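Observations on the model geometry
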Amino acid sequence: MGKVALEGIEFHAYHGAYKEEKILGNRFTVDITVETPFKKAMFEDDLSETIDYARLYQIVKSYMLEPVKLLEHLGHLIIEAILEAFPSISKVTIEIKKHNPALGGVVNYSVVTVQYPEDYV
């Protein structure tokens, strides 16, 4: 099993449960790690035998552009799309950070981590 990851993907998006979040938006950072067998890609230098991280990025981006209330739900939607696009994946971990959440004090970011299969059993 090998790992493919994208770290520090940044977006300005409009996720949140509060009205102001949907109007102003916020900065988000996404880290994603997938585990998949890629031995054949190692030896044959064939992109089709591993995870195309350009496609992985496009999946994340498409869901970051569609506002939802909860980061937990957003993580779930992204994981479902990734598993559909790449059936060979055995594990996905996604961490979504909302920078400077409006909580009435100084908070660098809130963080939600969703993992497949752990959070799905």
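Residues numbered from 1 in each chain as written. Predicted model: local features only at pLDDT ≥ 70, side-chain atom pairs only at ≥ 80, totals over all residues. Heavy atoms only, no water.

Right, let's get into the overall build of the protein chain. Scanning the protein chain from N- to C-terminus turns up 4 helices and 4 strands. In the protein chain, the succession of α and β elements from N to C terminus is β-α-β-α-α-α-β-β. Reported as C-alpha extents along the three principal axes, the dimensions of the protein chain are approximately 55 × 30 × 25 Å. Across the 121 residues of the protein chain, 36% fall into the buried class. (Helix = DSSP H or I, 4+ residues; strand = E, 2+ residues; numbered from the N terminus. Buried < 20%, exposed > 50% of the residue type's maximum accessible area, 1.4 Å probe, protein only.)

Next up on the list: the sheet that holds strand E2 (residues 26–36). Taken in spatial order, the 4 strands line up as E1-E2-E3-E4 in an open sheet, and their pairing is antiparallel. Only two strands of the sheet have a single neighbouring strand rather than two, namely strand E1 (2–13) and strand E4 (109–116). Averaged over all pairs of adjacent strands, the angle between strand axes in this sheet comes to 15 degrees, irrespective of strand direction. Sheet topology places E1 next to E2; 10 bridges connect them, and they run antiparallel. By the bridge assignment for E2, glycine 2 is matched with threonine 36. Its contacts with the sheet put helix H3 (residues 53–64) on E1 and E2, and the angle it makes with E1 is roughly 35 degrees. (Pairing = 2+ DSSP bridges. Axes fitted to C-alpha atoms, helices over the stretch in contact; angles between N-to-C directions. Contact = heavy atoms within 4.5 Å.)

Purely geometric stuff here, so don't read any function into it on its own.
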